[in-house]
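Residue-level listing of the chains:
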Amino acid sequence: MRPMKPRSLVALVVLLLAAAPAFAARGLEEPPGLGKVVKGARGTDVSAALASPGVGAGCKEALALTDLAGLACRSAVASALVRARPLDKGADLTARTTLLRDLAKAADAVTAFAPLTPPPGFARARFDALAAVGRALMAGSDELSVLPATHALAAQVAAALAETPAPRRVACGAVQRALDAAGAAGVGIEESGALLGLLTSHRCLVDEERLASKPKPVALAGSDDAKKVAASASAQGAIADYASSRALELERCAKHVDAAERPVDGDKLRACLCGAMARWRFPQHAAGASGEIAFRRASVAVKLDAAGALADCGPVRATP
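Treat the numbers as computed from the prediction; the structure is a model and nothing was measured. (Residues numbered from 1 in each chain as written. Predicted model: local features only at pLDDT ≥ 70, side-chain atom pairs only at ≥ 80, totals over all residues. Heavy atoms only, no water.)

Draft legend 1. Structural detail: the sheet that holds strand β1 (residues 290–295). With antiparallel pairing, the three strands of this open sheet are ordered in space as β1-β2-β3. The open sheet has two free edges, formed respectively by β1 and β3 (310–318), since each of these has just one partner strand. Shown here is a sheet whose adjacent strand axes are inclined to one another by a mean of 25°, direction ignored. As judged from the six bridges shared by strand β2 (residues 298–304) and β3, these two strands associate in the antiparallel manner. Paired with Ser 299 across the strands is Arg 317, a residue of β3. Contacting β1, β2 and β3, helix α13 (residues 266–277) runs over the sheet at an angle of about 145° to β3. (Pairing = 2+ DSSP bridges. Helix = DSSP H or I, 4+ residues; strand = E, 2+ residues; numbered from the N terminus. Axes fitted to C-alpha atoms, helices over the stretch in contact; angles between N-to-C directions. Contact = heavy atoms within 4.5 Å.)

Shown next, in the form of structure tokens:
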């Protein structure tokens, strides 16, 4: 084999250096904590976790994989392992809050994962991973949220949750991402309905923090300006809530967003979203109002006519 010429060698090095960051950015950046929980558990405990409700039949084989299927399986098994431990020591609480943070990072990693050449079944694998992470987050959130005030660690749990992004809100967001990915994955109504049931049963579609922090100026409550502001807020909320209830009908528009869920072509996405919503009739108390409807990492402005039908739609704007 002839030695490579210096000029050719330089060109090769430049090519590799240029390609490395792009390749690294296309990798699945799973938080290592999920795998550590599984590897650190006894074999009998892992077997019991694999038999837990919600853990897929092929999960045992997927545990060793480094792809989306592996991440989905490790999320489910790590969640089952941690929640199977008693919650009576500080270390038990730390394990749970650490798991919740790792699962939140896993949801972000799955959402950001955008291989240059997606393998066959990639859309379905993304949905399965987001669904598994979302269910694990929801289970972890439920466990801590129902802890009785008389529990020995109740005060520590409250303090830990104050330092952690609100678990229920994070869990709701992960489940919603799975639902957003359902259309591209060709998921049936039964699976989508189960996830939608999680959202509704956990009041994910209700912005409780906004309601709790809503100012109540007693002195201005009866003023005309206050009434107009309240009516406007109520109408916009009704528009958003109605759109959330029919979110599955917008799934066919997922083909107009990229792997990061940002619009590929704003005009095509607007035409698709507005075409679907043109068949809707919003609640009467929202008639004549304007608002924004979110879809993936974008939103579309809408204006309703006096009958609650779509009078104007667009433009689409990307959201953070």
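Draft legend 2. A look at the state of the cysteines. A full pass over the atoms with the stated rule returns three disulfides. Put simply, Cys 59 and Cys 73 are joined by a disulfide, and their sulfur atoms are 1.7 Å apart. Disulfide Cys 59-Cys 73: torsion about the S-S bond near 100°, hence right-handed. Of this pair, Cys 59 sits in helix α4 (residues 59–62) while Cys 73 sits in helix α5 (residues 68–84), placing them 14 residues apart in sequence. The burial state of Cys 59 is the same as that of Cys 73; both residues are buried. Here Cys 274 pairs with Cys 313 through a disulfide, and the sulfurs are 1.8 Å apart. Handedness of the Cys 274-Cys 313 disulfide follows from its S-S torsion of about -80°: it is left-handed. Of the two residues, Cys 274 is situated in helix α13 and Cys 313 in strand β3; the sequence distance between them amounts to 39 residues. On the basis of relative accessibility, which here comes to 12%, the residue Cys 313 falls in the buried class. (Disulfide = S-S within 2.5 Å. Buried < 20%, exposed > 50% of the residue type's maximum accessible area, 1.4 Å probe, protein only.)

Coordinates in, geometry out; function isn't part of it.
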